[in-house]
Each structure stands twice: as C-alpha cells, then as structure tokens.
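Survey of secondary and tertiary structure
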Amino acid sequence: MNNKTGVVSFNWEKTLELLKDSRIDSVGLNERVDSLANRSIKKESKLEALNMIVSMCDLTTLEGEDTEGKVSQMVAKAIIPNPNDLDIESVAAVCVYPSLVSVAKEKIGNSSVKVAAVSSYFPSGQVPMESKLLDTKYAIDSGADEIDIVINRKAFLEGDYRKVYDEILALKEVCGDVHLKTILEVGDLRTYENIRKASLISLAAGSDFIKTSTGKLSVGSSRQACYVMAKAVLDFKSLSGVSVGIKVAGGIRDAKDAIRYLVLIKEEMGNEWLTPDLFRFGASSLLDDVLKQIKKLKTGAYQASYYFPRG
Amino acid sequence: MVNWEYSESIESQDIVSIKDKYQNFVNGKFQQPNSKKYIDTISPSSEEFLSKIVISNEKDVDTAVQSAQMGFEKWENTTPHERSKYLFKLARLIQERSREFAVLESLDGGKPIKESRDFDLPQVAANFFYFAGWADKIDLSWGAKSLKPYGVVGQIIPWNFPLLMLAWKVAPALATGNTVVLKPAETTSLTALLFADLCEQAGIPDGVVNIITGDGTTGSLIVNHKDINKIAFTGSTQVGKLIQKSLAGRDVGLTLELGGKAANIVYEDAAIDQAVEGVVNGIFFNQGHVCCAGSRLLLQESIHDEFITKLEKRMQTLRVGNPLDKNTDIGAVNSKEQLNKIQELVNEGVSDGGKIFQTECELPGNGFWFKPTLFTDVQPSYSIAREEIFGPVLTTLTFRTPQEAIEIANNTEYGLSAGIWTEKGSKILWTADRLEAGVVWANTFNKFDPASPFGGYKESGFGREGGRHGLLSYLKAES
Amino acid sequence: MIEIKKTYKNYVGGKYVRSESGKTFTLSLKNDSYEVPLTSKKDIRDAVTSSKKGFQNWSQISPYTKTQILYRLSEMIEGNKDSYTELLISGGSTRNQAKKDIETAIKNIVWYAGLADKWEQVAGNLNPVNGEYFNISHQNPIGVVFSLNADNNSLASLLNSILQPLTVGCSVISFSEESSIIALKFAEDINNSDFPDGSLNILSGQFENVYEDISKHVEINLVSIYKEVPTEILTKIQENASNSVKRIIYMPSIDGISSVLPFLETKTVWHPKGT
C-alpha cells in the first residue's frame, strides 16, 4: 500500500514477518557503538560536522510555561542562530506544542524552517484514540509542517503490537502529506530487542521518521538506541526500497556527543543519511554548544554562553 | 549528497626518542655487543629508517645466558614479596609511559595507534599487574609445594604484538622465579629495548631480564645453548617444529604458541549484525596478523547471501592508512616479505576459483599495504582455506548442520581458537565441547585477559599463557 | 607554640562525620589524648545504608580494578609510614615494633591486592556432573560485613580484619575501640585510594553500645569478630543473628586462601548442552 507521500507501508502479515528476526546481542552492540565513539573528528571535518548539526536541529520547547513570547524568541534564533556569523544556516525546524503552532508559523514567515508539532497526547499517549486524532488534526489545521507522535507503549508492553501498528497507520492517514515522525520512547522500551521491534512496526506503518525519545524521561536518546534504529531502517529499506529518517532527542547536551551520532550514522548508514531530510537532532541546549564550538574553531578561543543570544 | 570525510588526526611522534643504534641489555645495562653485524629497522608504513639493531652472535648469546644465570641466583634469594613489588613497579611504569610505548609500537610495527593505545598497552600493564600478584602466592596456585622455577628461560617472540608478547613472556617467568633471555623479532625490536629502560628504572636486579636483538640465527643459538633450562616460543608452526626438533634428547622445558586457521562459525540463529562485527573484528584486527584470527568464516548456508551483503558493506567502512592517524583501522603489513606471502596466497585463491571482494580504498604510495579482502565460493581444498595467510584476508565456507560445522572447523592441523555465533545457549555449549581449539569465543572474538589461559591444540602448539594454568609453563615439578 | 591538633572522626560514605549523638569518648595515648566518636545505634544504621550502596558499586568493579585500588592503598600507606609509626609508638609500641608492624601491613595489602583477580580461579570450578549439562560453581561476595577489630595497637592486625572481605568484593564496616586512632587515621588513606564511597566505613566506639543493634540489623549479612568478647555477649549476638540467619564468625583464620572463603556465597549454575 502506497499513500500519497510515496512512503510505503506494509500490511499486518508482512509486518509480523519483519518482527521475527529481532535477535540482538547487547554486549557486542555496545562494543561496536563504543568503538565508533573513538573516532577523532578534527579541523575541517569538525567544522563541517558542526555546520551539519545546526542544519539538522529541531529547536524545541515543550513546557507548560511556553508562551507566544517564548516561542517567538525561539523562532528568531531558529532562523538566525548566530547574528554575528551569518554563514551559519537556519536550523531544520522548531518543535512546539499544538497550541503554539500558529504563532510559530506566523513568525517563521518565508524562512525555510519547518514547524513541527508534537501530538497524540505527547508525551504519555495514555488516552483513547479519538483524543490522539483530535490533537493531531488541530496541530495540522494550525499549520504544522511536521507531526511528532508517540507510540502506544501501554499496548506495546502488553504485547498488543497490532494496536501499536493500527494507531500509527490511522495517524499517518490523518497526516496525509504532512511529514510524520514516530517517537518510540526508548527509555520505556528498555531492551534493544524492544527498540528494534518498535522501530519495525513504526516503519511498516508508514512513518517518515522514527524518533528515539520525547525528552521528558530521564532516559533520553542513546547512541546504542540510535544504532538499533539505524539497522532497522536499513533492513526496512532493503525490503521496501524506501529510506526513512531518524531523529535523536533527549539528553544530547553537547557538540561532542552530537558529532558522535553523525559518525555512527555515516559509518553505519552511509552519507545518504547525512541530511536534514533523513536525520535530525531534537535540541535545546545543544545548539548553543555547537555555536560555541564553531566560533572556537573559527577564532581559536574557548567561548562563553553570553556571547550568543538566548532563544 | 553530502560527502563528509574525516580530516587527518595524527598522533604526534614527539614523545618518542629513538637512538641511531641500539646495544643489547645484559646484566642490568646496555652493553656493546660482540657481533659487528647490524641491520636497519624501518617503519613499514613509510619505509623510513628508524634505527640500527645488532644481529647477536654466539658470544652475545653466551654473555646473556651467563648473566641470566647470575641473575637467577640473585632472584632466587629475593623474597616472593619483593619480586611481587618489582613487578608491580614495572606495571606502574608501563602505565605512566603508555603513550610513548604505543606511538613507538605503531611506528616500528605498523599497527594503528588506536590499537596500540587502546589494546596493546593496557594489556601489557594488566599482565604485569596480574602476574605481580602471583609472585607471592605460587603455593596457592596448584597446591603443590614441589613446583619450582626452571632457572634460565630463553624467550623468542614475534612481530605482531611485540610489547604484549614480551609481557606475556616476561611477567609470568619472573613471577615464578625464573630469569630471562628474550629475543624480540628483528623487525620490531624497539619497544623491547625501551622496556629495558624500564627495568633499569625499576631497579630490577642485574641479570634477571636480558634483552638481545637478532634474527633467526640468534634464536637458534639461544635454543641450542647448553645452559638454557627452558624455551618459550611464539611464532610460526614451521619454526616451532624446528625448535622442538632441536630440543630432542635434551632436558629442556618447552612451550610453543604457533599458527592458526580459526573457524568462526555463524549459525542461522545468530544475532546477525553483531556476528558481522565479530567476524570483521576476528580477521581485520591488527591487519589479520594474529595467530588466533578468525580467518575461516563458516557460514550456515541459509543466511549466506544476507550475511555476505552486510559483511561487504561493513568492510567498506574500514579505513586503511597511516598507523599514527587516530582514525586508521587497518595499518601497514609488517614487512615486504609478509606482504609478498599474502599476495601469493591471494593469487592462488583467485586462480583456484574463489570469488574475491576487496574494499575500495586508496593505499599510500610508500610502505606495505593490503586491502581488506573476502573470498566466497571457496572449496575446502583451496590453499586459502587451509594455509595461514596472516593478513587481512577472510575465506568463507558454508555448512548446513551443526555436525558439519564441527567437522569443517576441526578439519585442519591447527587448533588455536574458534568462534561460535548463535543466540542459543545450549548450542554454544554443545559446539564448544566439540571444537578442537584451545580458546573458544562465543558471541565475541579476540578477547584476551591475563587471567584467561591462552594456547592451542594440535599443531598450534602446547602449553598455556595466562591464568593459573599459565604458571605451569614456567614451573616444573621437582622429581 | 601551640600545635594544631587533629580531630579524628568516623569515615562513612566517603566523608568524615561525627556521631549523630554528638558524643565522644577519650582515648589516652602516651603523648596525648583524643576525643573520638562514640558511635550510636543511629550511626550504625547510617553506616549500613552507606555500606549497602558501597557494596553495589564495589562488588561490580572488575577484579583488575580492585587489584589496582588495593595496590594504591599500599602506596598511600607507604607514603605515610612516619605518621603511622608515631601513632603506634604513642599507643605503646617500640619504634622497632612499629616499623615491623607497618611493613607487615603493607606486605599483606600487596598480597591481597594480587589476590583480587585470582581467588576465583582457586575457589570456583566446573563440576563434572553426570549428563549433558554445563555445571559451574562460582562465588559471589556475601554483602555488607561488620568487622570488630582486634584492637591491639597494630596496623597489620587492623588490616587483617578488613582485607579478606574487601578483596572478594564485600563492603566492610570496621569498628574499633581502644585502637580507634590508628583506624580513623587509616581512613585518610582509604579516602585517597579510589575506593567507592561506602565500600569501607570506619567507626570508633564501644562495642557494648552497638552489639545488640548490629546482631539484629537484617541488612548486615555477616559479623566477623577478631577480638575476644565475653561469652554472654557472643551468645546474645549469635541468638539475635539467628532471627535473620545472619552469619557470625568468631576469630576467623587470617591466613591464605581460607581467609576469604567465609565471605563468599557459592552459586552453582546448570545449563544444557545440545543443538
């Protein structure tokens, strides 16, 4: 079944087949991920990486205390991350709660920055399906270009994978052309095998992107989780021909760690995935550290945060 | 599409200072050797000259053995507690100067700095720490009061893990009360000679550790010396057999750690992505210059295509280049001689009918390099399936049943190591029971620890190094 | 000129603390007297909480790292030989006795440091059972150990009441009475040696105040007593211990491999072998 966006989804029988091959050895996996973290990224390759990271950021604010003023400031920063260095591109997107989508859209204006909204009763998803659909429709009607939903962990951990799959399918239907990111919430899934299964279900149900975390748990993204998801995306591609994106969010605080993610993606998936169309960072404090590092590389001196406007 | 390439990240050589010429370390200090024959030692990644080392002659070997005899008397009279402290001190010194040793090792031998820094040197320190702790409790190891040191031990080590092989030899020998005459490989003597500096720094009593350089002729002189009480050799099976023959009819202890052609068995119910990593690690670690390398991939036929596709893709990300670049995965082949051997066997593989895959990479102009290579469509009779290549070349064979895997795995005169990949525990244990190999790795590969005994079955040698069992290589029962 | 005199405190969870009761007792040495913490029941409870956490960390640390940490402890003590000598002398030893005592202490630490990554090879084994089974017995450290020091003005004998459980991965609460100063001074070297917080806690006090509580405290897994205690007290301790099947060892061997065996629990695992 192909829907309007050209993303493929598998029927349930085919999805079940996919889930069979989910054997992972965690010791071996951890060793591989650790060895990738040993890469030494310096000089031009570091500057390139930092610039890539900026272009891959979804600048995020998801707090009860968010207001129009706060979001406006963030949008300004998203469009021009460092007013003192106009070589630095805009970020990929801003990510907000549904009620802030319209003001974000207004402030974005003609910029290339996308507006992403979380929905499906983010972050817990513990409500009936009707509420999740309503939530999502509202965000889309407000003008969201991208939607980040959460999978039903309750259903997943109860073993009801069909329900997890059906919900994503239904939400994708509502999204239509709007780009859908499906959040696995790896902190709830715990084991690598669960992460793989959840990835495959989300891929089979037609997600444009799979995303590690909501950022609301103490356990956010990890490079190990990203590795598992990368393997799932590649296995799905070899069966379907479709390249699905990966977003890592939650706990990526500094440029050094972000660069390690890029190394992982490059070596495990290839250069094809090094684009905001297929890889994103959910970020708040990350952007500032990246800007600091860029300035340090360009000037040779360590920087302080107060040089960079708040967003 | 973005093409993000890594910039160079070179580890500086400034930390190392290499002399123009080296003497032998005998009786506690560097001394003028008797031999006048010197050879150049070069960096295999650039072919640049590093230093000159002497090819020790009969007089030099004799001086060293005599020194070791005098050293033995001193060492015998050193309390076990004191010996323990000397070894702890060496361990600490190695830790302090790790970076210096790692850079020198990569420069002299060709292995990536990533490996010498993160694997070789930590293991070297760990070995000295581990055996330091046995020195004062030998009676605990086998509960036999009659176990005594041999006396003077001749140790001949290879070029693939120069300093680590030195640690595997010297630490247990000293801990058990022996004294040593050690000959490093002629292409990689520099870290052994730097280690001699540490012996001086640590105040090791004169004559306990003696390091003399040389080639096969020197090795032969050591083996045949009348006052040697034991020989410990790591190297090729061919030379091992010669040594064993030389010792026939003499009351000299012997342990041999020789070649291998290990089977890495991947069952269909393995965790495939991790198995791919394990297979890659098994053969490409240290450019395949590893006696226990997983050089035969035994793949269950039902997963052959899927596995090979993933394997080739993974191999393509291996970075071949300057050993001092921190991002290099595969360094230089140790010598022109070894490079020729590898090329010869690979050519045979192709002409026998094997299908060859080599990664696309730019090889530096100078130096000795070989691209990571994979053979499929191989029959068990091909030389690439039987002979030890000792390079970054993997040969694939298929099997259908576990019983067949065992038969193919054991169908070799070697028996050093083997790998098993499956998520089923009982199958691991069943398979391990039936493999004729001294070291079996399940769902992992190339794991080493001073506490873990290492050594082979059949023509991979006899005797163990490491662990409680490793002590027996340096102790004999008093009759 | 008036000297700055050291205040000795308990050492719990990687920090120096006074007794929560605020009470101290006086130890009179040859040249001086000190007020040291009079450990209360609540102090014991806090120490056990800390030791439980310490056990979790210490038991997970690799044997190789344990060796290095223990060896570092010997390096610390070696560096502080002079202060220990003075303390031992003011506790009643001759200079020569003090010197020998410290040498023995260091020797023993080095011995146990080297045992940390070896005892399992000597104490555990594969069992040759009948049938297609892989059967292995391996040892785990028992947990939190309360240890009563022999209290005979000796650094070596203090260490002989600590090293055995510590080496195999237990956390230790070491309690001293008359020889508290040596023990509390020793805490400084523990602090400098990379032991995880709570793996080794040092307390001073009077045993009669705390023996009831420690013998009843369910989270103390083992009590080892290295000094003579009156029979009535020992009996009471053993009776209390029976409520939670706590292990009590009285005057255990301090020699060789058998010195660590009481602090271990043996776990035997079976696994079928088949395709």
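Residues numbered from 1 in each chain as written. Chains lettered and ligands numbered in written order. Predicted model: local features only at pLDDT ≥ 70, side-chain atom pairs only at ≥ 80, totals over all residues. Heavy atoms only, no water.

Thoughts on the overall build of chain B
Scanning chain B from terminus to terminus reveals 16 helices and 19 strands. Its C-alpha radius of gyration of 22 Å places chain B within 12% of the 23 Å reference for a compact globule of 479 residues. Sorting the 479 residues of chain B into buried and exposed places 64% on the buried side. When the accessible surface of chain B is split by element, carbon and sulfur atoms take 48% of a total near 16,800 Å². Side chains of chain B carry 48 positive and 60 negative charges; the gap between the two charge centres is 5 Å. (Helix = DSSP H or I, 4+ residues; strand = E, 2+ residues; numbered from the N terminus. Rg over C-alpha atoms; globule rule 2.2 N^0.38 Å. Buried < 20%, exposed > 50% of the residue type's maximum accessible area, 1.4 Å probe, protein only. Areas by Shrake-Rupley, 256 points an atom, 1.4 Å probe, with all protein chains shown as cover. Lys, Arg positive; Asp, Glu negative; His and termini not counted. Charge placed at Lys NZ, Arg CZ, Asp CG, Glu CD.)

Things to note about the overall build of chain C
The secondary structure content of chain C amounts to ten helices and twelve strands. Taking 275 residues into account, the globule formula puts the C-alpha radius of gyration at 19 Å, and chain C, at 19 Å, falls close to it. Dimensions of chain C, computed from C-alpha atoms along their principal axes, come out at roughly 80 × 40 × 30 Å. The buried share of chain C, reckoned over its 275 residues, is 55%. Within chain C, contacts between residues at least 6 apart in sequence are counted, and of these 79% link residues at least 24 apart. (Contact = heavy atoms within 4.5 Å.)

Description of the interface of chain C and chain B
How big an interface is tends to be stated in terms of accessible area lost as the parts join. In this assembly, 23 residues from chain C lie in contact with 28 residues from chain B. It is Lys118(C), Gln121(C) and Thr275(C) that lose the most area in chain C upon contact with chain B, and together they represent 25% of the buried surface on that side. Here Arg92(B) makes a salt bridge to Glu75(C), at a shortest N to O gap of 2.8 Å. At the junction of chain C and chain B, the tally comes to 13 residue pairs in polar contact (both at pLDDT 80 or more). A class-by-class count of the residues in the side of chain C that touches chain B yields nine nonpolar, seven polar and seven charged. (Buried area = accessible area lost by both parts, 1.4 Å probe. Salt bridge = Lys/Arg side-chain N within 4 Å of Asp/Glu carboxyl O. Polar contact = N/O pair within 3.5 Å; in protein donor to acceptor, adjacent residues only side chain to side chain. Nonpolar A, V, L, I, M, F, W, Y, C, P; charged D, E, K, R; others polar.)

A short note on the sheet that holds strand β6 (residues 133-141) of chain C
A sheet is described by the order of its strands in space; here three strands give the open sequence β5-β6-β12 (chain C), paired in antiparallel fashion. Of all strands in the sheet, those with a lone pairing partner are β5 (125-126) and β12 (264-272) of chain C, marking the two edges. Helix α15 (residues 425-434) of chain B rests against β6 and β12 of chain C of the sheet, and its axis sits at about 85 degrees to β12(C). (Pairing = 2+ DSSP bridges. Axes fitted to C-alpha atoms, helices over the stretch in contact; angles between N-to-C directions.)

A look at the sheet that holds strand β2 (residues 93-96) of chain A
Residues and elements named next belong to chain A. Strand order around the closed barrel formed by eight strands is β1-β2-β3-β4-β5-β6-β7-β8, with parallel pairing between neighbours. Across this sheet, the average inter-strand angle for adjacent strands is 25 degrees, counted without regard to direction. As judged from the five bridges shared by strand β4 (residues 146-150) and strand β5 (residues 179-183), these two strands associate in the parallel manner. Bridge pairing in β5 links Ile149 to Thr182. Each of β6 (209-211), β7 (245-249) and β8 (279-283) is contacted by helix α11 (residues 223-240), which is oriented at about 170 degrees to β7, the strand it contacts most.

Regarding the nonpolar core
Counting 165 residues, the largest nonpolar core has Phe128(B), Phe195(B), Leu311(B) and Phe186(C) as its most contacted members. In terms of residues, this core owes the most to one element, helix α4 (residues 113-135) of chain B, which gives twelve residues. (Core = buried A, V, L, I, M, F, W, Y, C linked by side-chain atoms within 4.5 Å.)

Concerning the interface of chain B and chain A
Each partner contributes residues to the interface: chain B has 31 residues there, and chain A has 32 residues. For the chain B and chain A pair, buried surface summed over both sides reaches about 2,600 Å², with 44% attributable to carbon and sulfur atoms. The tally of links from chain B across to chain A stands at four salt bridges. Note that Asp329(B) and Arg39(A) form a salt bridge whose closest N and O atoms lie 2.8 Å from each other. Broken down by secondary-structure element, the contributors of at least two residues to the side of chain B that touches chain A are α4, α10 (272-284) and α11 (304-315) of chain B. The residue inventory of the side of chain B that touches chain A, partitioned by class, reads seven nonpolar, seven polar and 17 charged.

Examining helix α6 (residues 162-175) of chain B
Residue and element names in this part refer to chain B. The terminal C-alpha atoms of α6 lie 20 Å apart, and with 14 residues this matches the ideal 20 Å at 1.5 Å per residue to within 8%. Within α6, 14 of the 14 residues are buried, which leaves the element mostly enclosed by the surrounding structure. Positive backbone phi, approximately 100 degrees, marks Gly177, located one or two places after α6. (Expected span 1.5 Å × (residues − 1).)

Focus: the domain arrangement of chain B
Residue and element names in this part refer to chain B. Domain parsing of chain B yields domain 1 (24-258 + 458-477) and domain 2 (263-442). Distance between the C-alpha centres of domain 1 and domain 2: 30 Å. Residue-level contacts link 29 residues of domain 1 with 31 residues of domain 2. Between domain 1 and domain 2 lies a buried interface of about 2,500 Å² when both sides are counted; carbon and sulfur atoms form 56% of it. Applying the counting criterion to the domain 1 and domain 2 interface returns two salt bridges. A salt bridge links Glu436 to Lys458; its shortest N-O distance comes to 2.8 Å. For the pair domain 1 and domain 2, the interface holds 17 residue pairs in polar contact (both at pLDDT 80 or more). Going through the elements one at a time, α3 (98-109) and α4 are the ones with two or more residues in the side of domain 1 that touches domain 2. Broken down by element, the residue count for the side of domain 1 that touches domain 2 peaks at five residues, all from α4. Looking at side-chain class alone, the side of domain 1 that touches domain 2 contains ten nonpolar, ten polar and nine charged residues. (Domains from an automatic or database assignment.)

Describing the packing of aromatic side chains
Residue and element names in this part refer to chain B. Per the counting criterion, the structure on display carries 36 aromatic pairs over all chains. A centroid spacing of 5.9 Å and a plane angle of 45 degrees characterise the contact between Trp75 and Tyr86, whose relative ring orientation is tilted. Of this pair, Trp75 sits in helix α1 (residues 58-76) while Tyr86 sits in helix α2 (residues 80-96), and the two are eleven residues apart along the sequence. This pair shows no difference in class: Trp75 is buried, exactly as Tyr86 is. (Phe/Tyr/Trp six-rings, centres within 6.5 Å; stacked < 30°, edge-to-face > 60°.)

Some words on the environment of Val290(B)
Residue and element names in this part refer to chain B. Structurally, Val290 is set in the loop between α10 and β12 (296-300). Taking C-alpha positions, Val290 is 17 Å from Phe462, a pair spaced 172 residues apart along the chain. Those residues in contact with Val290, other than ones at most four positions away along the chain, are Asn160, Phe161, Phe285, Glu388, Phe390 and Asn446.

Observations regarding the packing of α6(B) against helix α7 (residues 190-202) of chain B
Residue and element names in this part refer to chain B. In the contact formed by α6 and α7, the axes pass within 8 Å of each other and the chain directions differ by 50 degrees. Our classification of the angle between α6 and α7 gives oblique. For the crossing formed where α6 meets α7, the hand is right-handed. Between α6 and α7, the residues in contact are Pro162, Leu163, Leu166 and Val170 and Thr191, Ala192 and Phe195, respectively. When grouped by side-chain class, the residues that make up the contact of α6 with α7 number six nonpolar, one polar and no charged. (Parallel < 35°, antiparallel > 145°, perpendicular 65-115°, else oblique. Left-handed = near helix turned anticlockwise from the far one by under 90°.)

Some points on the arrangement of the chains
Considering every one of the two pairs of chains in contact, the largest contact total is recorded for chains A and B. A gap remains between chain A and chain C, which never touch, and the nearest two C-alpha atoms on either side lie 16 Å apart.

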